[in-house]
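As a plain string of letters, each chain reads:
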Amino acid sequence: EWPETGRLALYLLGLRAACPPPEPGAERWLVTWLKYYLEQDWAGSRHHGHPLTSYYQYGLGVLALCVHGKRVREEVIRRLLAAEQHRRFGHAGGSAVDTEAVVALAFTCLERERLVGTALAAELRAARREVRKRMVEEQNQDGFFGNVYSTPWAMQVFISTNTCQSQLAYSRAMAALLENLDAFATAVPMAQVLPVLHGRSYLDIASMHCREEPDTLMPASPEPLPTVPGNVTVRLVVECPQPRCPQERLYDQPVPAPAGASLLDVLRAAAAQGPHNFTFGTQDTAQGPFLSRVLGVEAWHHKRSYWQLLTAPDTSLQMGVADYRPHDGETLILRLSKW
């Protein structure tokens, strides 16, 4: 069974931010599990050259433990530091900005909370400066750091180091975010963007005084999405490279669907129409449904493969299957890729 490092780390961050009634026993138990998962990831990194989950989850685990004031073994931190110094965070078809930002926040927290020695703190500080410098140099023309979803993570780095006021790059990113807030429609992306809109970072959770926090959490009833009249036709293509698949293009068919349908709805429509026998499977994650199987071909986590979502000819989608809404005549590609 694979470690749940990232999921448990996000839960512990949310738990601390929500100021729950004191239940030290329950919290200690969750922290112990996160330490165990992080040790598994560290052992995987030592054995395979990368964590069993990902450097993003590995960094989240270190960050969450730090926010809870818990020490992490120096070997675990140094494994993450070495990966940052050797630029190992990138993956096929995607941005490494979110991973770099999470790791930089973890380094900042470890230094601020004095959970590491003086020498290691200096190394973490230097690594964080390099990450921040790269973000400024590689900021996109549209103002984003990486993409719309990695940008809040990057902005938290500037906030946590008190450099947001002196960086034009931060102001450009904030303007771009404010123009694209409709992209944050699910819980996890919302949780990443809301602190930034209030000039906060996840590191502020560590210094919260819960007795002073009013109970303002109210259940919300989401409004149903408006229906759009008419239909669209989307060309759906499935690609699986050799040697995993002898026939690289496994599927190429037009799929009619209601206007305004999500990509997940398009996949369901493809599965319902014959005689092409399209099949797929998903897994529930904190970010929404994750496409795990297409035409019987599994994305294997232990072989670092995933089903990449693209719009033709070769543009990676920045939304998940439940969030992206295809346009009429668009060609969508499901491609088995490495990360």
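A brief structural summary.

Conventions we followed
Residues numbered from 1 in each chain as written. Predicted model: local features only at pLDDT ≥ 70, side-chain atom pairs only at ≥ 80, totals over all residues. Heavy atoms only, no water. Helix = DSSP H or I, 4+ residues; strand = E, 2+ residues; numbered from the N terminus. Buried < 20%, exposed > 50% of the residue type's maximum accessible area, 1.4 Å probe, protein only. Contact = heavy atoms within 4.5 Å. Areas by Shrake-Rupley, 256 points an atom, 1.4 Å probe, with all protein chains shown as cover. Phe/Tyr/Trp six-rings, centres within 6.5 Å; stacked < 30°, edge-to-face > 60°. Lys NZ or Arg CZ within 6 Å of the ring centre and 35° of its normal. 1 Å grid on protein atoms, 1.4 Å probe; cavity = no way out; pocket = protein on both sides within 12 Å on 5 of 7 lines; lining within 4 Å. Points joined across faces, edges and corners; volume = space filled by probe spheres on them. Nonpolar A, V, L, I, M, F, W, Y, C, P; charged D, E, K, R; others polar. Pairing = 2+ DSSP bridges. Axes fitted to C-alpha atoms, helices over the stretch in contact; angles between N-to-C directions. Parallel < 35°, antiparallel > 145°, perpendicular 65-115°, else oblique. Left-handed = near helix turned anticlockwise from the far one by under 90°.

Looking only at helices and strands, the chain features 10 helices and 8 strands. Classification of the 339 residues of the chain by burial places 46% in the buried group. A separation of at least 24 residues holds for 65% of the contacts in the chain among residues at least 6 apart in sequence. A total accessible area of about 17700 Å² is found for the chain, and carbon and sulfur atoms account for 53% of it.

On to the packing of aromatic side chains, then. Evaluation of the coordinates by the stated rule reveals 12 aromatic pairs. Geometrically, the ring pair formed by Trp 33 and Tyr 37 is tilted, given 5.6 Å between the ring centres and 40° between the ring planes. In this pair, Trp 33 and Tyr 37 both sit in helix H2 (residues 24–48), 4 residues apart, roughly one turn of the helix. You can call Trp 33 partly exposed: its relative accessible area is 34%. We classify Tyr 37 as buried; its relative accessible area is 14%. Here the aromatic cluster, defined as three or more aromatic residues joined through ring pairs, consists of Trp 29, Trp 33, Tyr 36 and Tyr 37. The ring centre of Trp 42 lies 4.5 Å from the NZ or CZ of Arg 73, which sits over that ring.

Here the residue pair Ala 312 and Pro 313 is connected by a cis peptide bond, since its omega of 5° sits within 30 degrees of zero. With respect to the helices, strands and loops of the structure, Pro 313 is situated in the loop between strand S6 (305–311) and strand S7 (315–316). For Arg 114, which is not glycine, the phi dihedral falls at a positive 55°. Even without being a glycine, Asn 162 presents a positive backbone phi close to 55°. On the secondary structure map, Asn 162 appears in the loop between helix H7 (151–160) and helix H8 (168–178).

Size it by volume and the second largest pocket reaches roughly 910 Å³. Residue lining of the second largest pocket: 24 residues in total, with Ala 17, Ala 191, Pro 195, Tyr 202 and Ile 205 positioned closest to the centre. Elements represented by at least two residues in the lining of the second largest pocket include exactly helix H1 (5–17) and helix H9 (187–197). If one sorts the elements of the lining of the second largest pocket by residue count, H9 sits on top with 7 residues. Residues belonging to the lining of the second largest pocket are distributed by class as follows: 14 nonpolar, 6 polar and 4 charged.

Within the open sheet, the 5 strands sit side by side as S2-S1-S8-S6-S7. Their pairing is mixed. The sheet terminates laterally at strand S2 (249–258) and S7, the two strands that pair on one side only. Relative to strand S8 (residues 331–338), S6 is paired through 7 bridges, and the arrangement is antiparallel. Considered in S8, the bridge of Thr 311 is made with Leu 332. Strands strand S1 (231–239), S2, S6 and S8 of the sheet are contacted by helix H10 (residues 263–272), whose axis makes an angle of about 110° with S2.

A sheet is described by the order of its strands in space; here 3 strands give the open sequence S3-S4-S5, paired in antiparallel fashion. With one partner strand each, in any of the chains shown, strand S3 (280–285) and strand S5 (297–298) form the two edges of the open sheet. Strand direction decides the pairing type here: strand S4 (residues 288–294) and S5, joined by 2 bridges, are antiparallel. Its bridge partner being in S5, Arg 293 is matched across the sheet by Glu 298. Contacts from H10 reach S3 and S4 within the one sheet, and its direction differs from that of S3 by about 150°.

On to the packing of helix H3 (residues 55–67) against helix H5 (residues 97–112), then. Two numbers describe how H3 lies on H5: the axes approach to 8 Å, and their chain directions differ by 25°. As the angle between them shows, H3 and H5 are arranged roughly parallel. In the packing of H3 onto H5, the handedness of the crossing is left-handed. Contacts between H3 and H5 involve Tyr 55, Tyr 56, Gly 59, Leu 60, Val 62, Leu 63, Cys 66 and Val 67 from the first element and Asp 98, Thr 99, Val 102, Val 103, Leu 105, Ala 106, Cys 109 and Leu 110 from the second. Of the residues belonging to the contact of H3 with H5, the class tally is 13 nonpolar, 2 polar and 1 charged.

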